[in-house]
Amino acid sequence: MAVVTVSDGRAVMANWEAAVAVAVPLVILWGARLVMASRRGVRDRRVGYGIVALLAVLAAPLALPVAAYHWGYLTFLGAALLVLGWRSRQQVTWVCGMLTMVVGVLTGSSVVRGMIGIRESSDAAAVSASVQIGLGVIVLVAGARNLVAQRSQGAGIGSHAA
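A short tour of the structure in this document, coming up. Along each chain, numbering runs from 1 in the same order as the chain's sequence is written. The predicted nature of this model means local features are confined to residues of pLDDT at least 70 and side-chain atom pairs, given and counted, to a pLDDT of 80 or more, with totals for whole chains, interfaces and linings taken over all residues. Each side-chain value is derived from all of the structure's non-hydrogen atoms; neither hydrogens nor water enter the calculation.

1. Details of the overall build of the protein chain
The test is simple: Secondary structure elements are defined from DSSP: runs of H or I of at least 4 residues count as helices, runs of E of at least 2 residues count as strands, and each element is numbered from the N terminus. Each residue is placed in one exposure class: buried if its accessible area under a 1.4 Å probe, protein chains only, is under 20% of its type's maximum, exposed if it is over 50%, and partly exposed if it falls in between. Using a 1.4 Å probe, the Shrake-Rupley method yields the accessible areas, and only the shown protein chains count as cover for residues.
Of regular secondary structure, the protein chain possesses eight helices and zero strands. N-terminal to C-terminal, the α/β element order of the protein chain is α-α-α-α-α-α-α-α. Counting over 162 residues, the protein chain shows a buried share of 31%. Looking at the protein chain as shown, the accessible area adds up to about 9,700 Å², and 70% of this sits on carbon and sulfur atoms.

Printed below as a string of structure tokens:
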């Protein structure tokens, strides 16, 4: 999203590139969940990753750019992560989703930015992009730490069985 913000030169925008930047991670997340479930050999319980990915892809061309202009693209990505994390009982996912929603509202919502008096400028876009990059780093670190913890927990379980 930060790349789209910088290339567009505005934090608040309504374009298909930003909508695709929301849909792609949700499709990748759904695919990753399918791969993980097939590797484990057990069917993943239905949380809604596929439905959320499908809705994001269908909304990307028309509905998402208009709605996101008012509330921010990251707000919708964060809302999806919040719901998926809550439904799958993954605290890291729903906390990252909540954080993403807050950053999305503050950096990309025309409504909120108008209420608190942030005017659109190239400097505002640069600040928004910097905050979005910082958010991305935080989410990636949290995800990596969670993955390492899950793998070490899985290794601990396997070693006790031997």
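2. Looking at the packing of aromatic side chains
Condition: Note on aromatic pairs: the rings of Phe, Tyr and Trp (six-membered ring only in Trp) are paired at centre separations within 6.5 Å, and the planes decide the class, stacked below 30 degrees, edge-to-face beyond 60, tilted for the rest.
Scanning all chains against the criterion turns up one aromatic pair. Judged by centre distance (5.4 Å) and plane angle (70°), the ring pair of tryptophan 86 and tryptophan 94 falls under edge-to-face. Among the residues examined, tryptophan 86 registers a relative accessible area of 58% and is labelled exposed.

3. Considerations on helix H3 (residues 49–59)
Selection rule: This arc is built from the directions going out from the helix axis to the C-beta atoms.
Turning to H3, its buried residues are Tyr49, Val52, Ala53 and Ala56. Projection of H3 onto a plane perpendicular to its axis shows the buried side chains occupying an angular sector of 100°, all on one side. Among the exposed residues of H3, those pointing more than 90 degrees away from its buried face are Ile51, Leu55 and Leu58.

4. What to know about the side chain of threonine 75
This is how it is decided: The definition of a polar contact used here is a pair of N or O atoms within 3.5 Å, where within protein one atom must be able to donate a hydrogen and the other to accept one, and adjacent residues in sequence count solely through side-chain atom pairs. Here, two residues are considered to be in contact whenever any of their heavy atoms come within 4.5 Å of each other.
On the secondary structure map, threonine 75 appears in helix H5 (residues 73–87). Polar contacts involving the side chain of threonine 75 include one to the main-chain carbonyl oxygen of tryptophan 71, which spans 2.5 Å. The residues touching threonine 75, leaving out its near neighbours within four places in the chain, are Thr100, Met101, Gly104 and Val105.

5. As for unusual backbone geometry
Here arginine 89, not a glycine, exhibits a phi torsion of approximately 60°, which is positive. Within the fold, arginine 89 resides in the loop between H5 and helix H6 (91–108).

6. Side note on a nonpolar patch on the surface
Cut-off, in case you're wondering: Patch rule: a residue counts if its relative accessible area is over 30% and it has no salt bridge; like charges are joined within 9 Å, and nonpolar side chains (Val, Leu, Ile, Met, Phe, Trp, Tyr) within 5 Å. Salt bridge criterion: a side-chain nitrogen from Lys or Arg within 4 Å of a carboxyl oxygen from Asp or Glu.
Together, Trp71, Phe76, Met98, Val102, Leu106, Val111, Met115 and Ile116 make up a nonpolar patch on the protein surface, roughly 760 Å² of accessible area in all. At the level of elements, H6 and helix H7 (110–116) are the ones that each hand at least two residues to the nonpolar patch. Residue placement: methionine 98 occurs in helix H6. By relative accessible area, which is 41% here, methionine 98 ends up partly exposed.

7. Examining the side chain of threonine 93
Of note, threonine 93 is situated in helix H6. On the basis of relative accessibility, which here comes to 17%, the residue threonine 93 falls in the buried class.

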